[in-house]
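Here are the chains, one letter per residue:
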2 protein chains.
Amino acid sequence: MPGHASEAAVRRLPLYYRQLEELERRGTVRVSSGELAAQMGSTASQIRQDINFFGAFGQQGYGYNVSELKAHLAKILGLDASYTLVVAGVGNIGHAIVNYRGFADRGFRLTALFDSSAALIGSSINGVPVLDAAAMPAYLAENPTDIAVICTPAHAAQATADTLAAGGVRAIWNFAPVTLRVPRGVAVNNVHLTDSLLVLSYKLSHGEA
Amino acid sequence: MPGHASEAAVRRLPLYYRQLEELERRGTVRVSSGELAAQMGSTASQIRQDINFFGAFGQQGYGYNVSELKAHLAKILGLDASYTLVVAGVGNIGHAIVNYRGFADRGFRLTALFDSSAALIGSSINGVPVLDAAAMPAYLAENPTDIAVICTPAHAAQATADTLAAGGVRAIWNFAPVTLRVPRGVAVNNVHLTDSLLVLSYKLSHGEA
């Protein structure tokens, strides 16, 4: 790829990938940038620019082969690699993550869950063990881990992030409503569930619903 | 406001609002568009353009008063109104939504939960009753409802959306991994939890973590 992708372009990649999954499910063999634009509320030129940037090209008068483009984007997204994943905090969100069936399909291997509740430690969920949060440093030392999901209460999130970063975790998917400070070299993606609720609220109050 | 806000600009509003909440919490009285840009990974001109569009203006050499701008955006986002909210499907995500403490603060009033599990019907969570999903049409007829959160399994989501739309719900916050078809006049916002995980996967595989 020439140069460095913008954060905004990287954030659009999963949307393209999902749309191609959906098209493949429906049996669609090829799609034009104009059709993708209409389906996704974007523009054909934006879509061509993004897809070209990530090294795939449509054919004039044909468009894109759905399966080929999907496979290409999977590779760009790193979905051909296998990443190990742990979840810190097994409350409602933690449970929802553990029960989400889409991870394994996409090469994410959930290896351990951590909680500090005596009622949970020693149990397992979908075959994944719940370990004592206090044992996290020892676990990470023995089991190199790529990605951690933080689903702890807000007050515990920063200390959890510190432990994860010290243990060599390189990416944090953060559901706690806290802005985490992490060392350089650790990627953080914060999930703010209510942002999309506020968009709905805007639409309701402006009669756009 | 002059003209119609773009979907992209509307989606940035909650991010500005959250950043202003954070600044207010830290005791910050004023902030420049350049400071906001640095904090949010945006550009000063993008921020000024968005904020101007929504009818607020900074002062040359002063910037924005944090509390005033936050109050202005709250109004634009419709957070001065009070919306009624129901949740359809009380699994893990549904529980997480019910337990989220930020709704009431922002004017969202959770009035009822719906599920089809006999074990849940008749119980209550945080004081909100769990009603039989089959009773939803009758409930909506008697209790006009603005927003519904769909947290059902994928196979039940479309039928739930149909019932909600027929019952006068004007906005659907959809956590089911399904593209919903809704009548004109109903806003839908889909939450795709894994998009942000794929962004992390991209960063890991490109050495950007």
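Residues numbered from 1 in each chain as written. Chains lettered and ligands numbered in written order. Predicted model: local features only at pLDDT ≥ 70, side-chain atom pairs only at ≥ 80, totals over all residues. Heavy atoms only, no water.

Peer 1: Would you mind going over the sheet that holds strand 4 (residues 108-115) of chain A with me for this structure?
Peer 2: All names here are of chain A. Strand order in the open sheet formed by seven strands is 5-6-4-3-7-8-9, with mixed pairing between adjacent strands. Each edge of the open sheet is held by one strand with a lone partner, namely strand 5 (124-125) and strand 9 (187-190). With three bridges joining them, strand 4 and strand 6 (residues 128-132) adopt parallel strand pairing. Looking across to strand 6, one finds that Phe-114 is bridged to Leu-131. (Pairing = 2+ DSSP bridges. Helix = DSSP H or I, 4+ residues; strand = E, 2+ residues; numbered from the N terminus.)

Peer 1: Could you clarify how one ought to interpret the confidence of the model for chain A in this entry?
Peer 2: Interpreting fine coordinate detail is not advised for predicted regions of low pLDDT. Residue and element names in this part refer to chain A. Residues of chain A with pLDDT of at least 70 account for 98%, and the chain-wide mean is 90. Mean pLDDT across the elements of chain A bottoms out in helix 6 (residues 102-105) (74) and peaks in helix 7 (residues 136-142) (98). Listed scores for the predicted complex are pTM 0.79 and ipTM 0.86. (pLDDT = per-residue confidence, 0-100.)

Peer 1: Would you take a moment to explain the relation of the copies chain B and chain A for this structure?
Peer 2: Between the two copies of the chain lies a relationship made up of a rotation around an axis and a movement along it. The two copies are related by a screw operation: chain B maps onto chain A through 180° of rotation and 0.0 Å of translation along the axis, at an RMSD of 0.0 Å. What the superposition gives is, in effect, a two-fold axis relating one chain to the other. Considering only C-alpha atoms, the part of chain B nearest the rotation axis is Asn-92 of chain B, at 2.6 Å. Same-surface contact between copies: 100% of interface residues of chain B are shared with the interface of chain A. (Least-squares fit on C-alpha atoms with pLDDT ≥ 70 in both. Contact = heavy atoms within 4.5 Å.)

Peer 1: Honestly, the packing of helix 1 (residues 7-25) of chain B against helix 3 (residues 44-53) of chain B in this entry has me stumped. Any pointers?
Peer 2: Between two packed helices, the angle of one axis relative to the other and the distance separating the axes together describe the packing. Residues and elements named next belong to chain B. Interhelical geometry of helix 1 versus helix 3 gives an angle of 100° and a closest axis separation of 11 Å. The orientation of helix 1 with respect to helix 3, classified from their angle, is roughly perpendicular. Mapping the contact onto sequence places Ala-9, Arg-12 and Tyr-16 in helix 1 and Gln-46, Ile-47 and Asp-50 in helix 3. Residues that form the contact of helix 1 with helix 3 fall into these classes: three nonpolar, one polar and two charged. (Axes fitted to C-alpha atoms, helices over the stretch in contact; angles between N-to-C directions. Parallel < 35°, antiparallel > 145°, perpendicular 65-115°, else oblique. Nonpolar A, V, L, I, M, F, W, Y, C, P; charged D, E, K, R; others polar.)

Peer 1: Looking at this structure, how should I read the pattern of salt bridges?
Peer 2: Once the charged atoms of two side chains with opposite charge are near each other, the side chains can pair. Summed over all chains, the structure comprises 14 salt bridges over all chains. Arg-12 of chain A is paired through a salt bridge with Asp-50 of chain A; the nearest N and O atoms lie 2.7 Å apart. Separated by 38 residues along the polypeptide, Arg-12 of chain A in helix 1 (residues 7-25) and Asp-50 of chain A in helix 3 (residues 44-53) bring together distant segments of the chain. Across the pair Arg-170 of chain B and Asp-146 of chain B runs a salt bridge, and its minimum N-O distance is 3.2 Å. Within this pair, whereas Arg-170 of chain B is found in the loop between helix 8 (154-166) and strand 8 (171-174), its partner Asp-146 of chain B is found in the loop between helix 7 (136-142) and strand 7 (147-150), the two being separated by 24 residues in sequence. Here Arg-170 of chain B falls in the partly exposed class, since its relative accessible area comes to 33%. (Salt bridge = Lys/Arg side-chain N within 4 Å of Asp/Glu carboxyl O. Buried < 20%, exposed > 50% of the residue type's maximum accessible area, 1.4 Å probe, protein only.)

Peer 1: Can you help me understand the sheet that holds strand 6 (residues 128-132) of chain B in this one?
Peer 2: Across a sheet, paired strands are connected by hydrogen bonds in the backbone, their directions being either parallel or antiparallel. Here we have seven strands laid out as an open sheet, ordered 5-6-4-3-7-8-9 (chain B), and mixed in their pairing. In the strand order of this sheet, the two ends are held by strand 5 (124-125) and strand 9 (187-190) of chain B, each with one partner.

Peer 1: Where do I start with unusual backbone geometry in this structure?
Peer 2: In terms of backbone geometry, most residues other than glycine have negative phi values and most peptide bonds are trans. Residue and element names in this part refer to chain A. Phi at Asn-126 takes a positive value of approximately 50°, unusual for a residue other than glycine. In this structure, Asn-126 sits in the loop between strand 5 and strand 6. On the basis of relative accessibility, which here comes to 57%, the residue Asn-126 falls in the exposed class.

Peer 1: For this particular structure, what's the right way to read the packing of helix 1 of chain B against helix 2 (residues 33-40) of chain B?
Peer 2: Residues and elements named next belong to chain B. Direction vectors running N to C along helix 1 and helix 2 enclose 105°, while the axes themselves pass 11 Å from each other. By the criterion of interaxial angle, the relationship of helix 1 to helix 2 is roughly perpendicular. Contacts between helix 1 and helix 2 involve Leu-15, Tyr-16, Gln-19 and Leu-23 from the first element and Leu-36, Gln-39 and Met-40 from the second. Partitioning the contact of helix 1 with helix 2 into residue classes produces five nonpolar, two polar and no charged.

Peer 1: Which parts of the structure should I look at to understand the interface of chain B and chain A?
Peer 2: One widely used convention gives an interface's size as the accessible area the parts lose upon coming together. In this complex, chain B contributes 59 residues to the contact, which on the side of chain A involves 59 residues. Summed over both sides, the interface between chain B and chain A buries roughly 5200 Å², with carbon and sulfur atoms accounting for 67% of that surface. For the pair chain B and chain A, the interface holds two salt bridges. The residue Arg-18 of chain B makes a salt bridge to Asp-195 of chain A at a minimum N-O spacing of 2.6 Å. Our count for the chain B to chain A interface comes out at 18 residue pairs in polar contact (both at pLDDT 80 or more). Where the side of chain B that touches chain A is concerned, the elements lending two or more residues are helix 1, strand 3 (83-88), helix 5 (92-99), strand 8, strand 9 and helix 9 (193-205) of chain B. (Buried area = accessible area lost by both parts, 1.4 Å probe. Polar contact = N/O pair within 3.5 Å; in protein donor to acceptor, adjacent residues only side chain to side chain.)

Peer 1: Could you clarify how one ought to interpret the environment of Asp-115 of chain A in this entry?
Peer 2: Residues and elements named next belong to chain A. Residue placement: Asp-115 occurs in strand 4. In sequence terms Asp-115 and Ala-148 are 33 residues apart; their C-alpha atoms lie 13 Å from each other. Those residues in contact with Asp-115 that sit more than four places away from it in its chain are Gly-89, Val-90, Gly-91, Leu-120, Ile-121, Val-130, Leu-131, Asp-132 and Ala-133. A polar atom in the side chain of Asp-115 sits 2.7 Å from the backbone nitrogen of Val-90. Side-chain polar atoms of Asp-115 contact the backbone nitrogen of Ser-117, separated by 2.9 Å.

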